[in-house]
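# Examination of the molecular architecture
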Amino acid sequence: VYKRQAQPPAQPPAENKQHEVQIDVEYEHAEVFPKEIRPNSGRITFNVVLRNTGDTAWPKNLFWYNVAGLKASGKVAVMETKAGGSQKVTVTFENPEKPGKYESVWRLGFFNGHQDILIGREVPLRFEVLEEKKQEPLPNYSKKVMDRAKRFADFFSHLQIEKILPIVNQNMSKADDEIAELLLTLE
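Everything quoted here is computed from the prediction, not taken from an experiment.

We now examine the overall build of the chain. For the chain, the helix and strand inventory stands at three helices and nine strands. By residue count, 39% of the 187 residues in the chain fall in the buried class. Counting only contacts in the chain whose residues sit at least 6 apart along the sequence, the fraction spanning at least 24 positions is 64%. Carbon together with sulfur atoms contributes 49% to the accessible area of the chain, which is approximately 11,300 Å² in total.

Encoded structure:
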């Protein structure tokens, strides 16, 4: 869990001028989807919990702005949140084309009628795009072996087909329950 206490703002929102706006931002890497990020595999989503640690409610006009690093889709609206309250916001990125470590930096802020005013500290969201997995070609098995192995793969969903195929191939003359017993030893 990543936590960062925000500094008092340079200029609080218009509805809340007499008070400081403070944020405590938490996020867990387990809340990043997909779990394994590969190049060009769609979108990456962070579910981020924003917590108001100040002693006054956040006003309605706050946003969470993408200010540096990998760009997401602009800003995310932040709901009015009472002191001590929290809320979840969702941030979505297009998946980078190359493997590597990436960071996107965010800050709480508001629009004052003329410009965006950023408050609090920067909060980095970090993730890593992994190398593409090299897919090993499967040996050529007969259609009969492949079909039978697929049936077992449906039942033993936690086992990869690559582990099931050789056992099925070597034991085609055996009954299904005998092959199932052999597959149970892989667990």
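A few words on the pairing of strand β7 (residues 86-94). Alternating positions in β7 separate cleanly, Q87, V89, V91 and F93 being buried on one face and S86, K88, T90, T92 and E94 remaining unburied on the opposite face. Note that strand β4 (residues 43-51) and β7 share nine bridges and pair antiparallel. Paired with N47 across the strands is T90, a residue of β7.

This part is about the pattern of salt bridges. Scanning the model with the defined rule gives four salt bridges in all. Of the charged contacts in the structure, one is a salt bridge between R126 and E103, with a shortest N-O distance of 2.7 Å. With a gap of 23 residues between them, R126 in strand β9 (residues 116-129) and E103 in strand β8 (residues 100-111) connect regions that are remote in the sequence. Among the residues examined, E103 registers a relative accessible area of 32% and is labelled partly exposed. For R151, the salt bridge is made with D176, and the minimal N-O distance between the two is 3.7 Å. Remark: D176 occurs in helix α3 (residues 176-184) and R151 occurs in helix α1 (residues 143-155); sequence separation between them is 25 residues. Using a relative accessible area of 48% as the deciding quantity, one classes R151 as partly exposed. Members of the salt-bridge network, linked through shared partners, are R148, R151 and D176.

This brings us to the confidence of the model for the chain. Considering every residue of the chain, the mean pLDDT works out to 76; 76% of them sit at 70 or more. For residues 1-21, every residue scores under 50 in pLDDT, and the model assigns this stretch 58 contacts once sequence neighbours within four places are set aside. Of the regions scoring below 50 in pLDDT, residues 26-31 engages in 21 contacts with residues more than four places distant in sequence or in other chains.

Criteria and cut-off values
Residues numbered from 1 in each chain as written. Predicted model: local features only at pLDDT ≥ 70, side-chain atom pairs only at ≥ 80, totals over all residues. Heavy atoms only, no water. Helix = DSSP H or I, 4+ residues; strand = E, 2+ residues; numbered from the N terminus. Buried < 20%, exposed > 50% of the residue type's maximum accessible area, 1.4 Å probe, protein only. Contact = heavy atoms within 4.5 Å. Areas by Shrake-Rupley, 256 points an atom, 1.4 Å probe, with all protein chains shown as cover. Pairing = 2+ DSSP bridges. Salt bridge = Lys/Arg side-chain N within 4 Å of Asp/Glu carboxyl O. pLDDT = per-residue confidence, 0-100.

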